[in-house]
Amino acid sequence: MLAARALRFAHGSRTILDDATIVVDDADRAALVGDNGAGKSTLLAILAGLQKADDGGVERGRGQTLALLSQEPQLDARLTAREVAESTGREPWEVDEALSRLGVVDADRPVSSLSGGQRRRVDLARTLLLRSDILLLDEPTNHLDKAAIAWLVERLKTHRGPVIIVSHDRQFLDETCTRVIELARGKLHGYAPPGDDNTTLTISFIEQKILRDDITVRTQHKKERLWLRELAWLRAGTPARTTKQTARIDRAGELQTFVEEEAVAIRKQKKNVEIEGVTSKRLGKSIFELNKVTLARGGRTLFADLDLIVTKGQRWGVVGDNGAGKTSLLLALMTAAGDSAALIASDAGAPEEQQVTPSSGMITAGLNTKIAVFDQHRATLDPEMTLEQTLSAENDHVFVNDARIHVSSYLERFLFDGSDRKRRVKTLSGGEQNRLVFARLFLGDANVLLLDEPTNDLDVTTLGVLEEALVSHPGCAFLVSHDRRFLDRVATGILAFERDAKDPDGPATVTPVIGDWTHYERTQAARLQERSLSTSASSSSASTAKIAGAVAVAKKKRSYKEEQEFLGMESLIHDKEARREHLRSQLIDPEVFKSDVKKADAMAKELAALDVEIDRLYARWQLLSDLPAM
Ligand SMILES: Nc1ncnc2c1ncn2[C@@H]1O[C@H](COP(=O)(O)OP(=O)(O)OP(=O)(O)O)[C@@H](O)[C@H]1O
Ligand SMILES: [Mg+2]
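Observations concerning the overall build of the protein
- For the protein, the helix and strand inventory stands at 22 helices and 20 strands.
- Looking at the 630 residues of the protein, the share that counts as buried comes to 39%.
- Put simply, of all contacts in the protein between residues at least 6 apart along the chain, 73% involve residues at least 24 apart.

As for the nonpolar core
- Ranked by size, the top nonpolar core spans 69 residues in total, and within it Leu-450 and Leu-479 carry the most contacts.
- A total of seven residues in this core trace back to one element, the largest contributor, which is helix α11 (residues 326–337).
- Excluding residues within four positions of it along the chain, Leu-450 makes contact with Leu-330, Ile-371, Val-373, Phe-374 and Phe-478.
- In this structure, Ile-46, Ala-85, Cys-177 and Phe-205 belong to the second largest nonpolar core, which totals 60 residues.

Re the environment of Val-23
- Among the structural elements, Val-23 can be located in strand β2 (residues 14–24).
- On the neighbour-count criterion, Val-23 (14 C-beta atoms within 10 Å) is partly exposed.
- Along the chain, Val-23 and Gly-190 lie 167 residues apart, while their C-alpha atoms are 9.4 Å from each other.
- The residues contacting Val-23, other than those within four sequence positions of it, are Met-1 and Ala-3.

Topic: the sheet that holds strand β9 (residues 187–191)
- Reading across the sheet, the six strands line up as β5-β6-β7-β3-β8-β9 and stay open at both edges, with mixed pairing between neighbours. One side of each edge strand has no neighbouring strand; the edge strands of this open sheet are β5 (66–69) and β9. Geometrically, the sheet is characterised by an average inter-axis angle of 20 degrees between neighbouring strands, direction not taken into account.
- Here strand β3 (residues 29–33) pairs with strand β7 (residues 163–166) via four bridges, running parallel. Paired with Leu-32 across the bridge in β7 is Val-166.
- Those strands touched by helix α1 (residues 40–47) are β3, β5, β6 (134–138), β7 and β8 (179–184), and its axis lies near 155 degrees from that of β6.

Some details on the environment of His-582
- Tracing the backbone through its elements, the reader meets His-582 in helix α20 (residues 560–588).
- Sequence separation between His-582 and Leu-607 is 25 residues; the distance between their C-alpha atoms is 9.5 Å.

A closer look at the site of ligand 1
- Lining the immediate environment of ligand 1, one finds 20 residues, of which Gly-37, Ser-41, Thr-42, Ser-429 and Gly-431 sit closest.
- Secondary structure elements with two or more residues in the shell around ligand 1: β2, α1 and α15 (430–441).
- Class assignment for the residues of the shell around ligand 1 results in three nonpolar, 13 polar and four charged.

What about unusual backbone geometry?
- Positive phi is not limited to glycine here, since Arg-131 has a value of about 50 degrees.
- Residue position: Arg-131 is located in the loop between α4 (116–129) and β6.
- Overall, the presence of 15 C-beta atoms within 10 Å leaves Arg-131 in the partly exposed class.
- Even without glycine at this site, Glu-139 takes up a positive phi of about 50 degrees.
- Relative to the helices and strands, Glu-139 is located in the loop between β6 and α5 (146–157).

Notes on the pairing of strand β17 (residues 448–452)
- Where burial is concerned, most of β17 is hidden: five out of the five residues are buried.
- Every second residue of β17 is oriented toward a common face, with Val-448, Leu-450 and Asp-452 on one face and Leu-449 and Leu-451 on the other, all of them buried.
- Both strand β14 (residues 371–373) and β17 contribute to a ladder of three bridges, which runs parallel. The residue bridging Val-373 from the neighbouring strand is Leu-450, located in β17.
- Of the pairings in the sheet, the one linking β17 to strand β18 (residues 476–480) comprises five bridges and is parallel in character. Bridged to Val-448 within β18 is Cys-476.
- Crossover connection from β17 via helix α16 (residues 460–471) to parallel β18: handedness right-handed.

What about the sheet that holds strand β20 (residues 509–514)?
- Taken together, six strands build an open sheet; the order of strands is β14-β17-β18-β12-β19-β20 and the sheet is mixed. Whereas interior strands pair on both sides, the edge strands pair on one side only; in this sheet they are β14 and β20. The mean inter-strand angle of the sheet, taken between neighbouring strand axes irrespective of direction, is 20 degrees.
- Where α11 meets the sheet, it contacts β12 (315–319), β14, β17, β18 and β19 (493–498), and its direction lies at approximately 155 degrees from that of β17.

Quick look at the packing of helix α3 (residues 92–101) against α4
- Where α3 meets α4, the axes come as close as 9 Å, and the angle between the chain directions of the two elements is 140 degrees. Taken as axis vectors, α3 and α4 run oblique relative to one another. Relative to α4, the crossing made by α3 is right-handed. Residues Glu-94, Val-95, Ala-98 and Leu-99 of α3 pack against Ala-125, Leu-128 and Leu-129 of α4.
- Of the residues contributing to the contact of α3 with α4, the split by class is six nonpolar, no polar and one charged.

What counts and how
- Residues numbered from 1 in each chain as written.
- Chains lettered and ligands numbered in written order.
- Predicted model: local features only at pLDDT ≥ 70, side-chain atom pairs only at ≥ 80, totals over all residues.
- Helix = DSSP H or I, 4+ residues; strand = E, 2+ residues; numbered from the N terminus.
- Buried ≥ 20, exposed ≤ 12 C-beta atoms within 10 Å, placed from the backbone.
- Contact = placed C-beta atoms within 7 Å.
- Core = buried A, V, L, I, M, F, W, Y, C linked by C-beta atoms within 7 Å.
- Pairing = 2+ DSSP bridges.
- Axes fitted to C-alpha atoms, helices over the stretch in contact; angles between N-to-C directions.
- Near = placed C-beta within 6 Å.
- Nonpolar A, V, L, I, M, F, W, Y, C, P; charged D, E, K, R; others polar.
- Right-handed = clockwise from strand over helix to strand, strands pointing away.
- Parallel < 35°, antiparallel > 145°, perpendicular 65-115°, else oblique.
- Left-handed = near helix turned anticlockwise from the far one by under 90°.

Below is the structure:
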């Protein structure tokens, strides 16, 4: 049992906790949610006894030990990762298991030389290995890939004793936690667990929250709209909608209609890739051209033969397992652009390791290509500087798209208080610091934004600000993210690093798929099947012969070639339709014709040709689907 009783805490005049009370039982795994800066990390520090409350008390079950994973790793930098893990006193096999399951790659390197993401994983391994009764975890899934998260979920589910988890990863919370506690305006509120199996923990929480706050439809301010928007997207991802659930929603009056309208509005907004306030001279035509690019690092081929032309308005969601080469691709782009300033912020170890050139093929950067990198670990923030100093070196103004704006107004766009400009960076919470890094990222005139896991630590409001900033950014962006809902909202294409399940250490296949994450996922199965068919056909002549033989016997079935064509067709049609959709949305914009008549003309021609082609494909698909499968 872990209890907080009437806790009070303030930073100067800023009240963080105001009579905060909660009990977490041994069987409880509680999700602690709240806006960035609400005081979640502060509360965990007080519960762990690292920070003293101004008033009130903390109680634990008799003899219970406690471990805290902080938002910022707390490690002895001189030790190696393995030594840190071994300091918990666990058996070597257990240490090895935790390190490898959590994706720590260089266990024998000193912690000081590890990237921020690696350090977090080491800290998580250490925290779990302590086998404490009470676990307090601040954003544990940041920097973990799917496999590591799955392992963590299992581990936590079998944990006996109170667990409190701060996370913005809703899927993770749904899988792990039994209840939600919200920290808002200094108070803790417990929420009832979902009433039925078809409602997830977080959907149920948001529904209760919206009802509790008595948000009346169509009169909300921005923040509340964001909650509704969040709900709309969570729901869109849950196929099983029972009548029971619907009935509950109806109690909230027009809420459902509103939520659906919101979802449509978001999709629309996403399609209108705005190209606002930018002279096309600054953006060269293509920003990058990748020609049969193969990347190898440490003697291992990461991926081969990637062809890609990157132009403005594209936002590529880069997805795939840890170690598949996503970060290396970003580094290769930076190296090709000769943008050494950009390198500083990256999460890829020592500077010499950050120069990555293709082992074959070529990356050409456009004349005006200028990169800005999202500093995920906030390494470039000086904790002693004020917000104002961080954004503008000389005076109290900043330049955004050549317009001069006062720092206070600019800060307000990123949800700060105008008066915050005099605060020091070190007094900001983790999420607030990220917001500041975003504010700085969108200041420059870069036409390529590289963001590695940008949504970590962000609350739904900040996420909305980031999404809006990205969608209205005139250049292109690469977004490495595991957050599918984020990708659905902002990505115009998915760059998927897929590895063969039978050969997980082998090179990845990188496939660019136009469209959002949902489209990518929908077409993934067909693509993989197509690929495995074509590789097994080429690698094993015996099996090809067998298949060919079978076709010869039963003539009326689809031939091997037709079967292959049929399997690939769905994804082909989807891709073509996505392309058509993309062209249509581009051509809606009158600016396209004004700025580049030739290009617009070419796009219109391509669109007409696509219409014919898609009709043909549908007809062909119909014909093939009428034949029995081979
Ligand atoms: N030394 C300080 N002086 C003044 N305010 C501070 C100081 N340290 C923290 N704060 C403020 O205390 C509040 C709570 O911070 P805390 O780190 O606990 O938030 P959080 O809920 O963990 O946020 P996040 O989701 O961003 O991690 C924030 O508004 C932060 O700006
Ligand atoms: Mg925090």
